[in-house]
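# Examination of the molecular architecture
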Amino acid sequence: MKHEQLWAPWRLGYIRGDDAVEEPPRAEPVWLPGADTGCFLCRDAASPADDRRNLVAWRSGRTLVVLNRYPYNNGHVLIAPARHLGRLDELDAETHGELMQITTRVVGILERSMNADGFNIGLNLGRVAGAGLPGHLHWHIVPRWNGDVNFMPVLAGVKVIPQSLDALWEFLSDALRSAAS
């Protein structure tokens, strides 16, 4: 039997349950009105100088595209309003439209570049519905491929992600900048 090594070092913190990771100092955030200083999406919106560290692949004044630190699949991103809004009826028409436009753009980029066969796109409204961050709306975009559920998650409870978050950030941020031009 051939033995293959699987390398996914960014998962160790999640597996161990590490809450605090020692990092170099961050730029001083400039909080948006109504921001929650304990919300990672508000922090990301307030800290454009730290986009790479925060895995923000793209931003506008209204929206963010953030890589999921604990992805379900390669290419898993979050699309969120920059402002701390927890309900759909709090979105103004411009932000709502931009959220849908960037979702469409990201899906197209992932479909073309990663040859995704499909996508799960979801929004969990409220903690009881599965929202881990119920006060800040965010849509999950999860690329899917035929046969992407194999023996690893079924038998071993392990999901293998073949691309580092840094490599995905580099690729997606470049692609989104090019698409916006």
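The paragraphs below set out a description of the structure included in this document. The model shown is predicted, which means the values in this text are computed figures rather than measured ones.

About the thresholds
- Residues numbered from 1 in each chain as written.
- Predicted model: local features only at pLDDT ≥ 70, side-chain atom pairs only at ≥ 80, totals over all residues.
- Heavy atoms only, no water.
- Helix = DSSP H or I, 4+ residues; strand = E, 2+ residues; numbered from the N terminus.
- Expected span 1.5 Å × (residues − 1).
- Buried < 20%, exposed > 50% of the residue type's maximum accessible area, 1.4 Å probe, protein only.
- Contact = heavy atoms within 4.5 Å.
- Polar contact = N/O pair within 3.5 Å; in protein donor to acceptor, adjacent residues only side chain to side chain.
- Pairing = 2+ DSSP bridges.
- Axes fitted to C-alpha atoms, helices over the stretch in contact; angles between N-to-C directions.

Bringing helix 4 (residues 93-114) into the picture now. Compared with the 32 Å implied by 1.5 Å per residue over 22 residues, the 31 Å span of helix 4 between its first and last C-alpha is a close match. Listing the buried residues of helix 4 in full gives T95, E98, L99, I102, T103, V106, V107, G108, I109, L110 and M114. Along its buried surface, helix 4 packs onto strand 1 (56-59), strand 2 (63-67), strand 3 (77-81), strand 4 (118-123), strand 5 (139-144) and helix 6 (165-180). N-capping of helix 4 is provided by D92, with a side-chain oxygen placed 3.2 Å from the backbone N of E94.

This part takes up unusual backbone geometry. The phi angle at L55 is positive, at roughly 65°, despite the residue not being glycine. Position of L55 among the secondary structure elements: in the loop between helix 3 (51-54) and strand 1. Take L55: its relative accessible area is 7%, and that puts it in the buried class.

Pairing is antiparallel across the open sheet formed by 5 strands, whose spatial order is 1-2-3-5-4. The open sheet has two edge strands, strand 1 and strand 4, and neither has a second partner. Averaged over all pairs of adjacent strands, the angle between their axes in this sheet comes to 20°, without regard to strand direction. Looking at chain direction, strand 2 and strand 3 are connected through 5 bridges and run antiparallel. Considered in strand 3, the bridge of V66 is made with L78. Sheet contacts for helix 4: strand 1, strand 2, strand 3, strand 4 and strand 5; angle to strand 3, the most-contacted strand, approximately 165°. Lying over the sheet, helix 6 contacts strand 1, strand 2 and strand 3, oriented at roughly 15° with respect to strand 1.

That's the geometry; what it means functionally is another story.
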